[in-house]
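# Overview (structure and organization)
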4 protein chains.
Amino acid sequence: MPEFKPRDAGFAARVRDSFGRQSIMDLMGARLTRVDPGEVEIELPFRPDLCQQHGFFHAGVTSTIADSAGGYAGFSLFPADASVLTVEFKMNLLAPADGDLLRAVGRVIKPGRTLTVTEAEVIVVKDGKAKACAHMLQTLMCLQGRADMPAAG
Amino acid sequence: MPEFKPRDAGFAARVRDSFGRQSIMDLMGARLTRVDPGEVEIELPFRPDLCQQHGFFHAGVTSTIADSAGGYAGFSLFPADASVLTVEFKMNLLAPADGDLLRAVGRVIKPGRTLTVTEAEVIVVKDGKAKACAHMLQTLMCLQGRADMPAAG
Amino acid sequence: MPEFKPRDAGFAARVRDSFGRQSIMDLMGARLTRVDPGEVEIELPFRPDLCQQHGFFHAGVTSTIADSAGGYAGFSLFPADASVLTVEFKMNLLAPADGDLLRAVGRVIKPGRTLTVTEAEVIVVKDGKAKACAHMLQTLMCLQGRADMPAAG
Amino acid sequence: MPEFKPRDAGFAARVRDSFGRQSIMDLMGARLTRVDPGEVEIELPFRPDLCQQHGFFHAGVTSTIADSAGGYAGFSLFPADASVLTVEFKMNLLAPADGDLLRAVGRVIKPGRTLTVTEAEVIVVKDGKAKACAHMLQTLMCLQGRADMPAAG
């Protein structure tokens, strides 16, 4: 694993602020549990209203936290006055997301001035046992000179 | 576009029943608006609790309805006693999902006994104008002999 | 299907020149058979030295012409002084590429100033019958101000 | 990294035999340089006839060795009487493949009875310095009871 040096010393606060503005995280009950340079972790406890038809976490829910974990892993390495945009991502669903907790860890594979590539692993914990349930590969875009602020209002 | 002949005449009721058991759709407020053989449409009105940090629909929300639209497009062609599993999908986010309504249309590209490939287009409607905001390519697995029922309990 | 207006009237010659410099096309025997604004077709006749272990076209060979068909579909809409770079692509292999000829058609889904999204369909023709064998979804980058020229030397 | 136990003690010979039947590898000059359980390495020296328009390895060439490296990583864990099929793969091109040698390392992420998920990293070596140039995420299918033999004839 490469070690990354953030360009903005305030990267962790910047990630936490932005995550705090993602209202979907609040709706689902997701928590930002770790912010390191180029690596971010999000956890989501099970709730019966986050499910697909068999009572497991919906793949879209898994994708939501994987996309944000990868996105903020990239964002942690951006300059202070930049925004992040997901260009695309691909999810492989390795096993049913059957458990009490999802944990997504996003990591930067290749940082870049314009485009950054990340991956995320998602595990599901059931009765204390962790199991890989998804793997994501993602492309991000760095929008320089547009700080990640809420729209004025 | 190829026309598909469903193997199960009750395909539409089967899709609606299964969709009705996806609790995340209820949490987000998504509606199943059309079920044709090999083609399924899902709509999701905007709500401020479905957003990313800039106040647009989160990419994970877009993915959730795209995954289900593609999944049920495939499922509509499955035999009556089969379940559907998403193997993987890839989303390209074409534009910010900034608008009043998301509409995902999933279509079967290639049906198969074990694996089915689908695509989905997602448009966002703003002030009555529609704009493509995402494109998905997805692989599904057909689990024969396992009707799509809720877990017993 | 949207209709695209090229920004450079000489787009077709520009695509043909660039294709002519892709030495791998010559090694494999691929031909550029159609160049329209936002849509490009490449054909590749079967040869026994283009195969995987079962004697069919190798998925990498299919990918090579799909990547170029999508790439040149995007490039056809670029300004005259720009280069194209593939950011990423995803291939679904729908059926074994067993036949006499591969034909890849690349099409622009969403043109953009920096990023362009395309898709490609690949069919394989056997005894005069065509069959879809692959489907690609691709992201391209437009490098403005860097004409697509060979390295000096 | 998980360690994998092959189900077939003769896995390495089985991989080498199958690779030897991939005629495209011979055309391009690719060599199978390592076969471990769940991990396979392929190298490809530069040649001027393997290029895109700027004189670097074509992305399709990179994909060809990445697809085979991932495919044989999965195949190494299959039972003796099984064949491998690529269902789909996604490539992120991290940097121009500008150098003297490509090296693709494929690794199994998640083995399975029917589907196996792998990843591959491709590096390019230039003047003795290695640089990551591509990252792949792939789904394979195991066809049981169909040994990986050439078509009779």
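Just so it is clear, the model here is predicted, and its values are computed rather than measured.

Moving on to the sheet that holds strand β5 (residues 115-126) of chain B. Ordered in space as β1(A)-β2(A)-β4(A)-β5(A)-β6(A)-β3(A)-β3(B)-β6(B)-β5(B)-β4(B)-β2(B)-β1(B), the twelve strands form an open sheet in which the pairing is antiparallel. Of all the strands in the sheet, just β1 (31-36) of chain A together with β1 (31-36) of chain B have a single pairing partner and so form its edges. Strand-to-strand twist of the sheet, defined as the mean angle between neighbouring strand axes without regard to direction, takes the value 25 degrees. Pairing geometry for strand β3 (residues 82-93) of chain A and strand β3 (residues 82-93) of chain B, over five bridges, is antiparallel.

The next point concerns the interface of chain D and chain A. Accessible area lost upon the coming together of the parts serves often as the stated size of an interface. Taken residue by residue, the interface counts twelve residues in chain D and twelve residues in chain A. Contact between chain D and chain A buries roughly 1100 Å² in total, counting both sides, with carbon and sulfur atoms accounting for 68%. Considering only the side of chain D, the residues that lose the most area to chain A are D:Lys90, D:Leu94 and D:Leu137, jointly responsible for 43% of the buried surface there. Linking chain D with chain A are two salt bridges. The residue A:Glu88 makes a salt bridge to D:Lys90 at a minimum N-O spacing of 2.7 Å. Counting across the interface, chain D meets chain A through four residue pairs in polar contact (both at pLDDT 80 or more). Taken together, the elements giving at least two residues each to the side of chain D that touches chain A come down to β3 (82-93), β4 (101-110), β5 (115-126) and β6 (129-144) of chain D. Per element, the largest residue contribution to the side of chain D that touches chain A is four residues, and it comes from β6(D). Across the side of chain D that touches chain A, the residue classes tally to five nonpolar, three polar and four charged.

Another point: the interface of chain D and chain C. Taken together, the contact pairs 37 residues of chain D with 38 residues of chain C. Here chain D meets chain C over a buried area of about 2900 Å², counting both sides, of which 53% is carbon and sulfur. Inspection of the region where chain D meets chain C yields two salt bridges. For the pair chain D and chain C, the number of links is 25 residue pairs in polar contact (both at pLDDT 80 or more). At ten residues, β3(D) tops the list of elements feeding residues into the side of chain D that touches chain C.

Cut-offs and rules
- Residues numbered from 1 in each chain as written.
- Chains lettered and ligands numbered in written order.
- Predicted model: local features only at pLDDT ≥ 70, side-chain atom pairs only at ≥ 80, totals over all residues.
- Heavy atoms only, no water.
- Pairing = 2+ DSSP bridges.
- Helix = DSSP H or I, 4+ residues; strand = E, 2+ residues; numbered from the N terminus.
- Axes fitted to C-alpha atoms, helices over the stretch in contact; angles between N-to-C directions.
- Contact = heavy atoms within 4.5 Å.
- Buried area = accessible area lost by both parts, 1.4 Å probe.
- Salt bridge = Lys/Arg side-chain N within 4 Å of Asp/Glu carboxyl O.
- Polar contact = N/O pair within 3.5 Å; in protein donor to acceptor, adjacent residues only side chain to side chain.
- Nonpolar A, V, L, I, M, F, W, Y, C, P; charged D, E, K, R; others polar.

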